[in-house]
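Take a look at the letters that make up each chain.
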Amino acid sequence: QVQLEESGGGLVQPGGSLRLSCAASGLPFSGFAMGWYRQAPGKERTLVATITRAGGTINYADSVKGRFTISTDNAKNTVYLQMNSLKPEDTAVYYCNAVGMRAPYYGVKYWGKGTLVTVSS
């Protein structure tokens, strides 16, 4: 059974930092692209950052470039999102995502349950 378990959310003041973690189990971590998405109240879920294992390609939403960093620990099957210089508009539920990059999982998507990040003074 595939599980993506996020942790690390919470309340932080503007300008502060948080590190989110997503531990993956039940899937071949090396065969998946990993990512973080977020959904603010009343808005659609949007991409924050993605990282592919094969080519090491990393992508960020323009709104987080220079402030957020995505990384993986392959030994722990874990993907991280380091968030610095947080702004109130970063407030959202953050979801971990895994997308299969090769057979038999090609195109298959998995989601975590999300972790809430609130940026407020």
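If you're wondering where the values come from, they're calculated on a predicted model, not measured in any experiment.

### Thoughts on the pattern of salt bridges
For step 1, the next point in the chain: Overall, the coordinates contain three salt bridges when judged by the stated rule.
For step 2, the next point in the chain: Across the pair R38 and D90 runs a salt bridge whose closest N-O atoms are separated by 2.9 Å. Of this pair, R38 sits in strand 4 (residues 32-39) while D90 sits in the loop between strand 8 (78-83) and strand 9 (92-100); the two residues are 52 residues apart in sequence, bridging distant segments of the chain.
For step 3, the next point in the chain: We note a salt bridge from D90 to R67, for which the minimum N-O separation is 2.8 Å. Of the two residues, D90 is situated in the loop between strand 8 and strand 9 and R67 in the loop between strand 6 (58-60) and strand 7 (68-73); the sequence distance between them amounts to 23 residues. An identical accessibility class is assigned to D90 and R67; each is buried.
For step 4, the next point in the chain: Salt bridges sharing common partners tie together R38, R67 and D90.

### Topic: the side chain of E6
For step 1, the next point in the chain: Residue placement: E6 occurs in strand 1 (residues 3-7).
For step 2, the next point in the chain: Buried and unpaired, E6 has no salt bridge, with R45 as the nearest side chain of opposite charge at 7.5 Å.
For step 3, the next point in the chain: Here C96 takes part through its backbone nitrogen, which lies 2.8 Å from a polar atom of the side chain of E6.
For step 4, the next point in the chain: For E6, the side chain forms a polar contact with the main-chain nitrogen of K113, separated by 3.1 Å.

### Looking at the pairing of strand 9
For step 1, the next point in the chain: Counting buried residues along strand 9, seven of its nine residues qualify, which places the element largely inside the surrounding structure.
For step 2, the next point in the chain: Alignment of strand 4 against strand 9, held across eight bridges, turns out to be antiparallel. Residue pairing in the sheet places Q39 in a bridge with V93 of strand 9.
For step 3, the next point in the chain: With three bridges joining them, strand 9 and strand 11 (residues 115-119) adopt antiparallel strand pairing. Looking across to strand 11, one finds that V93 is bridged to L116.

The rules behind each value
- Going along each chain's sequence as written, the residues are numbered from 1 onward.
- Reporting of local features is limited, given that this is a predicted model, to residues whose pLDDT is at least 70; pairs of side-chain atoms are given and counted only at 80 or more, and all residues count toward the totals for whole chains, interfaces and linings.
- As a convention, hydrogens and water are excluded, and side-chain values are obtained from all of the structure's heavy atoms.
- Salt bridges are defined as contacts in which a side-chain nitrogen from Lys or Arg sits within 4 Å of a carboxyl oxygen from Asp or Glu.
- Runs of E in the DSSP output that reach at least two residues are strands. Runs of H or I that reach at least four are helices, and both are numbered from the N terminus.
- A 1.4 Å probe rolled over the protein chains alone gives each residue an accessible area, and that area as a share of the maximum for its type sets the label: buried under 20%, exposed over 50%, partly exposed in between.
- Within this scheme the basic residues Lys and Arg register as positive and the acidic residues Asp and Glu register as negative, but His and the chain ends are omitted.
- What qualifies as a polar contact is a pair of N or O atoms within 3.5 Å, subject to a donor-acceptor requirement within protein and to the restriction that residues adjacent in sequence count only when both atoms come from side chains.
- Between any two strands, pairing holds if DSSP finds at least two bridges.

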